[in-house]
Amino acid sequence: MQKNHFSQIEPVINMKSYGFITEVKEVFSHTIRNSKGMELTAIDFGATISSLKIPMPNGEKIDVVLGFEKLEDYINSFDLPSAPYFGTIVGRYAGRINKGSFSIIENNYQLEKNHGENHLHGGKKGLSKVIWRMKNQDENSVCFECVSLSTDDNYPGDLTVQATYLLTENNELKVTFLATTTEDTIINLTQHTYFNLNGNASDVLNHKLKINSNLILETNDELIPTGNFTPLDNHEFDFKEFKNCTEIIDTTFVSKENEVGSLLSETSNIKMTVFSNQPSVHIYIGGNCFNQIKGKNNIDYNTKSGICFETQNFPDAPNHSHFPNATLRKDEKYYHQTLFKFETL
């Protein structure tokens, strides 16, 4: 295990935009490894995965996630025309909530509208833009903790979240979320890493994608679920068998089994298989930096540079009674686990 000073945040940076920095704070990076040479680095800001290196048979390692080399670039990326959320934990509620409103029993709540007339990815503050506390770390795992107060983005209850990244000896990244609340609330956490199995210098259009799903959520023009489902037979997003990634996708797939799907690069010969206990996976190809911020190795990221597997509950689930439950009661514990398995072929 390894802990390094990553950067120091001055209180003036983006304080007007977000108000999440109230004092000078140090941000550290934390590196964990398994005995096979797999290596993950995460930073305190957003509990963000900044690097994930996969060992190759020739002794080299390929960093398969997009990100930045400077903390300021992570912070400034939230000022881009479409914030990419590179590698961060997203919440309290990942995805969109229609008009930012929902009800729990007879109590009505109005969240901040930060995406047109709707609420997206936890609001202007959210869990992606705060400094998490490293709770504990050993050779192959690191656990971060964050407390989101009831005043944050108008969510009910104080929410305590723990996020653990663990590397197994089978070259798997296991992501575990645990959360409790002081009041009944809604929750939908996800990990928003962009993967590129060739590194970050090329796009993912030559990657092959497989998703174990028969249905996607039907959405309106604002990508708000209508409550209906679209069958995937003869659909362009039917990825039940491996086929090349499409250029544009921002879609929620209903998972039919614990094995969510896979991503394969015939260039690097790396295969990533995703497993999760969540009811869906939102597949997103994007992450454009609009030529304003350089990625790792001075690369310009575009909308085809990486692909996200956002395992989660359905967007806008609190407003659809037939969607999976998104309410966390104050006497319950939220548990979400996703595993990313890497193989070299």
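Residues numbered from 1 in each chain as written. Predicted model: local features only at pLDDT ≥ 70, side-chain atom pairs only at ≥ 80, totals over all residues. Heavy atoms only, no water.

> Please clarify how the overall build of the chain should be interpreted in this entry.
Helix and strand content of the chain: 2 helices and 28 strands. When the 345 residues of the chain are sorted by exposure, 55% land in the buried category. When contacts within the chain are restricted to residue pairs at least 6 apart in sequence, long-range pairs at least 24 apart make up 67% of them. A total accessible area of about 14200 Å² is found for the chain, and carbon and sulfur atoms account for 44% of it. (Helix = DSSP H or I, 4+ residues; strand = E, 2+ residues; numbered from the N terminus. Buried < 20%, exposed > 50% of the residue type's maximum accessible area, 1.4 Å probe, protein only. Contact = heavy atoms within 4.5 Å. Areas by Shrake-Rupley, 256 points an atom, 1.4 Å probe, with all protein chains shown as cover.)

> Where do I start with the pairing of strand E13 (residues 159–167) in this structure?
Every regular strand shows the same layout, with side chains that alternate between the two sheet faces. Only one face of E13 is buried: it carries Leu-159, Val-161, Ala-163, Tyr-165 and Leu-167, and the other face, with Thr-160, Gln-162, Thr-164 and Leu-166, is open. Note that E13 and strand E14 (residues 172–181) share 9 bridges and pair antiparallel. Its bridge partner being in E14, Gln-162 is matched across the sheet by Leu-178. Between the end of E13 and the start of E14, which pair antiparallel, lie 4 residues, with Asn-171 showing a positive phi angle near 55 degrees. (Pairing = 2+ DSSP bridges.)

> Explanation requested: unusual backbone geometry in the structure shown.
A negative phi angle characterises most non-glycine residues, just as the trans form characterises most peptide bonds. Residue Arg-92 follows Gly-91 across a cis peptide bond; omega there is 15 degrees. Inspection of the secondary structure assignment puts Arg-92 in the loop between strand E6 (89–90) and strand E7 (96–97). Positive phi is not limited to glycine here, since Tyr-85 has a value of about 55 degrees. Positionally, Tyr-85 belongs in the loop between helix H2 (71–76) and E6. A relative accessible area of 6% means that Tyr-85 is categorised as buried. You will see that Leu-223, though not glycine, has its phi angle at about 65 degrees, which is positive. Mapped onto the fold, Leu-223 is located in the loop between strand E19 (215–219) and strand E20 (225–231).

> Looking at this structure, I do not really get the sheet that holds strand E12 (residues 141–148). What am I missing?
Consider a sheet: its strands pair through backbone hydrogen bonds, and that pairing is either parallel or antiparallel. Here we have 9 strands laid out as an open sheet, ordered E11-E12-E13-E14-E28-E24-E23-E18-E21, and antiparallel in their pairing. Looking at strand neighbours, the two that pair on one side only are strand E11 (133–137) and strand E21 (243–244), the edges of this open sheet. Here E11 runs beside E12; their pairing, made up of 4 bridges, is antiparallel. Opposite Arg-133, over in E12, you have Glu-145 as the bridge partner.

> Just to check I follow, could you spell out the pattern of salt bridges for this structure?
Here the structure, examined in full by the defined rule, presents 11 salt bridges. We note a salt bridge from Lys-61 to Glu-39, for which the minimum N-O separation is 3.7 Å. Linking Lys-61 in strand E5 (residues 61–63) with Glu-39 in strand E3 (residues 39–43), this pair joins segments that are 22 residues apart in sequence. Glu-117 serves as the salt-bridge partner of Lys-113, at 3.1 Å between the closest nitrogen and oxygen. The exposure class assigned to Lys-113 is partly exposed, which follows from its relative accessible area of 37%. (Salt bridge = Lys/Arg side-chain N within 4 Å of Asp/Glu carboxyl O.)

> Even after reading the chapter, I still don't get the nonpolar core, so can you show me in this structure?
Among the nonpolar cores identified, the biggest contains 56 residues, and Leu-52, Tyr-165 and Phe-342 are the most heavily contacted of them. A total of 5 residues in this core trace back to one element, the largest contributor, which is E13. (Core = buried A, V, L, I, M, F, W, Y, C linked by side-chain atoms within 4.5 Å.)

> Honestly, the packing of aromatic side chains in this entry has me stumped. Any pointers?
For any pair of aromatic rings, the description consists of the separation of the ring centres together with the inter-plane angle of the planes. The tally for this structure, following the rule as stated, stands at 15 aromatic pairs. Here the aromatic rings of Phe-86 and Tyr-301 are separated by 5.4 Å at their centres, their planes lie at 45 degrees, and the arrangement is tilted. One end of the pair, Phe-86, is in the loop between H2 and E6; the other, Tyr-301, is in the loop between strand E25 (280–286) and strand E26 (306–312), with 215 residues separating them in the sequence. The pair Phe-86 / Tyr-301 is uniform in exposure class, with both members buried. With a centroid separation of 5.3 Å and 40 degrees between ring planes, the pair formed by Phe-195 and Phe-340 is classed as tilted. In this pair, Phe-195 sits in strand E17 (residues 194–195) while Phe-340 sits in strand E28 (residues 334–344), placing the two residues 145 residues apart along the sequence. (Phe/Tyr/Trp six-rings, centres within 6.5 Å; stacked < 30°, edge-to-face > 60°.)

> Please clarify how the sheet that holds E19 should be interpreted in this entry.
Spatially, E17-E26-E25-E22-E19-E20 is the arrangement adopted by the 6 strands of the open sheet, whose pairing is antiparallel. Sheet topology places E17 and E20 at the edges, where each strand pairs with a single neighbour. As paired elements, E17 and E26 share 2 bridges and run antiparallel to each other. Each bridged residue has a counterpart across the sheet, and for Phe-195 the counterpart in E26 is Ile-307.

> Which parts of the structure should I look at to understand the pairing of E12?
The buried fraction of E12 is high, at 7 of 8 residues. Between E11 and the antiparallel strand that follows it, E12, lie 3 residues. As defined by bridge partners, E12 adjoins E13 across 8 bridges and the pair is classed as antiparallel. Bridging across to E13, Ser-148 finds its partner in Leu-159.

> Help me understand the confidence of the model for the chain, please; the structure alone is not making it clear to me.
Averaged over every residue, the pLDDT of the chain is 93; the share at 70 or more is 94%. Segment residues 9–24 is flagged for pLDDT under 50; beyond a separation of four residues in sequence, or across chains, it makes 32 contacts in the model. (pLDDT = per-residue confidence, 0-100.)

> Please explain the side chain of Asn-196 as it appears in this structure.
Mapped onto the elements of the fold, Asn-196 is located in the loop between E17 and strand E18 (208–211). Overall, the relative accessible area of 0% leaves Asn-196 in the buried class. Separated by 3.0 Å, the side chain of Asn-196 and the backbone nitrogen of Asn-198 make a polar contact. Polar side-chain contacts of Asn-196 include one of 2.9 Å to the backbone oxygen of Ser-305. When near neighbours in sequence (up to four residues on either side) are disregarded, Asn-196 contacts Asp-63, Val-64, Leu-66, Ser-202, Asp-203, Val-204, His-207 and Ser-305. (Polar contact = N/O pair within 3.5 Å; in protein donor to acceptor, adjacent residues only side chain to side chain.)

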